[in-house]
Amino acid sequence: MTKDELVAAEASSEQRLLTTMSELRNIKAALDEHSIVAITDAAGRITYVNDKFCTISQYSREELLGQDHRIINSHHHPKTFFRDLWGTIGRGHVWRGEIKNRAKDGSFYWVDTTLFPFLNATGKPTQFVAIRTDTTWRKAAEAQIIEITENGQRQIGEDLHDGLGQQLTAVEILCAGLKEDVAGTPRLAKQVDRIGRFLRESISQVRSLARGLVPVSDRPDALWASLVELADRTNAPGRLECKFDSPVVLVDDHNTAGQFYRIAQEAVNNALKHSRAKRITLTLVRTAHTLELGVADNGRGFPKVLRPGMGLQVMRHRASVINAELTIDARPGQGTTISCRVPMLK
């Protein structure tokens, strides 16, 4: 290669480098404009944060650099959540999920997060890039939508029970009186008796529909009582054992009680439809600081049950709107255990 060719090659190489650096700056600028970005070293210490990270966390860049992400830990997620997170990225895999964080003033915010590990030549992570999107507004909107839906269902349930149900009961009473009046006419008496049976079946169906729409009343023991009823309805001697042996648990927050029941209902339905379980066990435990619901089955496990977009997504959504943590322990051939835990103020 001649000297002129060498100079030309070096100039071309330098131009490509400058072009690449310019493209990277543009990508970084676009990413910083759209997302909350942080970079940590292999030990988890923060080495870079963009302006959006500082804005949402309310910490200055100087306060964040050199710290780890415990500075914004909301203590909402259990230790197993972060153990699984670090285990995933520590093995060089990408982690995706939603995290609830706490800002400097004590307020909370949710972020949809992607954690990407940078690996060295041996495949070991040298740093981690966290790209986040603020989803706090979406969580609030989802909670409002669920509240509106639940209120609508409650109104329909009350109308069914107090309106149509009462009218059908009144007609059944009149039918019973009519049956006595036509007792001397066997053909008519038989028809009236048949009408009475249909009315009783209709009343039973209306009451069942009303209970489904309003499964949890405003009483503190309503969640516990509704879970007792759910287990009794599900139990099928000889085919499926469903039990709920927890002592009475009082829950004053009606929204939490309602969402816990819906999660239990969804978990039981999934076990019935997909797991081929022979035994389902429901538990409800309250400690000084937490309320925890458990639904365990001895079915075939996770692979085809609760896949994203189905029951699991519904349950996670319901848990998130009451700031609860949903965890799943599923082992192929050994069953599935679903736990939902929420902090309680008193």
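Predicted, not measured: the structure shown is a model, and the values here were computed from it. (Residues numbered from 1 in each chain as written. Predicted model: local features only at pLDDT ≥ 70, side-chain atom pairs only at ≥ 80, totals over all residues. Heavy atoms only, no water.)

Draft legend 1. Molecular detail of the pattern of salt bridges. In total, this model carries nine salt bridges according to the counting rule given. Residues Glu-63 and Lys-104 are paired through a salt bridge, measuring 2.7 Å at the closest nitrogen-oxygen approach. Of this pair, Glu-63 sits in helix α3 (residues 61-64) while Lys-104 sits in the loop between β3 (95-102) and β4 (108-119), and the two are 41 residues apart along the sequence. A residue is classified by how much of its surface remains accessible, and Glu-63, at 30% relative accessible area, is partly exposed. Lys-104 sits in the partly exposed class, given a relative accessible area of 46%. (Salt bridge = Lys/Arg side-chain N within 4 Å of Asp/Glu carboxyl O. Helix = DSSP H or I, 4+ residues; strand = E, 2+ residues; numbered from the N terminus. Buried < 20%, exposed > 50% of the residue type's maximum accessible area, 1.4 Å probe, protein only.)

Draft legend 2. Quick peek at the sheet that holds β3. With respect to topology, five strands assemble into an open sheet ordered β2-β1-β5-β4-β3, the strand pairing being antiparallel. Each having just a single partner strand, β2 (46-49) and β3 make up the two edges of the open sheet. This sheet shows a mean twist of 30 degrees between the axes of neighbouring strands, independent of strand direction. In this sheet, strand β5 (residues 125-134) lies alongside strand β1 (residues 36-41) in antiparallel orientation, the contact comprising six bridges. (Pairing = 2+ DSSP bridges. Axes fitted to C-alpha atoms, helices over the stretch in contact; angles between N-to-C directions.)

Draft legend 3. Structural view of a negative patch on the surface. Judged by side-chain charge, Glu-158, Asp-159, Asp-162 and Asp-218 come together as a negatively charged surface patch. Looking at the element boundaries, Asp-218 is found in the loop between α6 (186-213) and α7 (222-234). (Patch = residues over 30% accessible without salt bridge, like charges linked within 9 Å, V, L, I, M, F, W, Y side chains within 5 Å. Areas by Shrake-Rupley, 256 points an atom, 1.4 Å probe, with all protein chains shown as cover. Lys, Arg positive; Asp, Glu negative; His and termini not counted. Charge placed at Lys NZ, Arg CZ, Asp CG, Glu CD.)

Draft legend 4. Structural detail: the nonpolar core. If you look at the biggest cluster of nonpolar residues, it comprises 39 residues, and the most contacted ones within it are Leu-227, Phe-260, Ile-280, Leu-282 and Leu-284. Where this core is concerned, the elements lending two or more residues are α7, β6 (241-244), α8 (254-275), β7 (279-286), β8 (290-297), α9 (311-321) and β10 (335-343). Residue contributions to this core peak at eight residues, all from α8. Leu-282 has contacts with Leu-227, Leu-230, Cys-242, Lys-243, Phe-244, Asp-245, Ser-246, Val-268, Gly-294 and Val-295, leaving out every residue within four places of it along the chain. Formed by 22 residues, the second largest nonpolar core is a distinct cluster that contains Val-49, Leu-64, Phe-81 and Ile-99. (Core = buried A, V, L, I, M, F, W, Y, C linked by side-chain atoms within 4.5 Å. Contact = heavy atoms within 4.5 Å.)

Draft legend 5. Spatial organisation of the sheet that holds β6. Taken together, the five strands give an open sheet; going across it, the order is β6-β7-β8-β10-β9, and neighbouring strands pair in mixed fashion. Taken across any chain shown, the strands that pair with only one partner, and hence form the sheet edges, are β6 and β9 (325-331). Taken pair by pair, the neighbouring strands of this sheet meet at an average axis angle of 10 degrees, ignoring direction. Bridge count between β7 and β8: seven bridges; the pairing is antiparallel. Pairing of Leu-284 across the sheet is with Leu-293, part of β8. Relative to the sheet, α9 contacts β9 and β10, its axis offset from that of β9 by approximately 150 degrees.

Draft legend 6. Looking closely at the packing of helix α5 (residues 136-181) against α8. Where α5 contacts α8, the axes come no closer than 12 Å and their chain directions differ by 85 degrees. The pairing of α5 with α8 is recorded here as roughly perpendicular in orientation. On α8, the residues touching Ile-146, Glu-150, Gln-153 and Arg-154 of α5 are His-254, Gln-259 and Arg-262. Taken together, the residues of the contact of α5 with α8 sort by class into one nonpolar, three polar and three charged. (Parallel < 35°, antiparallel > 145°, perpendicular 65-115°, else oblique. Nonpolar A, V, L, I, M, F, W, Y, C, P; charged D, E, K, R; others polar.)

Draft legend 7. Representation of α7 within the structure. Taking 1.5 Å of rise per residue, the 13 residues of α7 would be expected to cover 18 Å, and the 18 Å separating its terminal C-alpha atoms lies within 8% of that figure. The inward-facing, buried residues of α7 abut β6, α8, β7 and β8. (Expected span 1.5 Å × (residues − 1).)

Draft legend 8. Broad picture of the packing of aromatic side chains. Inspection of the entire model under this criterion finds four aromatic pairs. Ring plane angle 85 degrees and centroid distance 5.7 Å describe the contact between Phe-81 and Trp-95, whose orientation is recorded as edge-to-face. With Phe-81 in helix α4 (residues 79-90) and Trp-95 in strand β3, this residue pair connects regions lying 14 residues apart in the sequence. Taking the centre distance of 5.6 Å and the plane angle of 85 degrees together, the rings of Trp-86 and Phe-128 count as edge-to-face. Placement of the pair is Trp-86 in helix α4 and Phe-128 in strand β5, with a sequence separation of 42 residues. By relative accessible area, Phe-128 is classed as buried at 5%. Cluster of aromatic residues (ring-pair linked, three or more members): Phe-81, Phe-82 and Trp-95. It is Lys-100 that lies over the ring of Phe-108; its NZ or CZ is 4.5 Å from the centre. (Phe/Tyr/Trp six-rings, centres within 6.5 Å; stacked < 30°, edge-to-face > 60°. Lys NZ or Arg CZ within 6 Å of the ring centre and 35° of its normal.)

Draft legend 9. Focus on unusual backbone geometry. At Gln-58, a position not held by glycine, the phi torsion is positive, near 70 degrees. Structurally, Gln-58 can be placed in the loop between α2 (51-57) and α3. Despite not being glycine, Asn-323 shows a phi value in the positive range, around 60 degrees. Mapped onto the elements of the fold, Asn-323 is located in the loop between α9 and β9. Classification of Asn-323 by relative accessible area gives partly exposed; the value is 31%.

Draft legend 10. Fine view of the packing of α8 against α9. Running from amino to carboxyl end, α8 crosses α9 at an angle of 165 degrees, the nearest separation of the two axes being 9 Å. Judged on the interaxial angle alone, α9 and α8 are roughly antiparallel. Seen along the crossing, α8 lies across α9 with a hand that is left-handed. Contacts between α8 and α9 pair Gln-259, Arg-262, Ile-263, Glu-266, Ala-267 and Asn-270 from the former with Gly-311, Val-314, Met-315, Arg-318, Ala-319 and Val-321 from the latter. (Left-handed = near helix turned anticlockwise from the far one by under 90°.)

The values are spatial; any link to function lies outside them.
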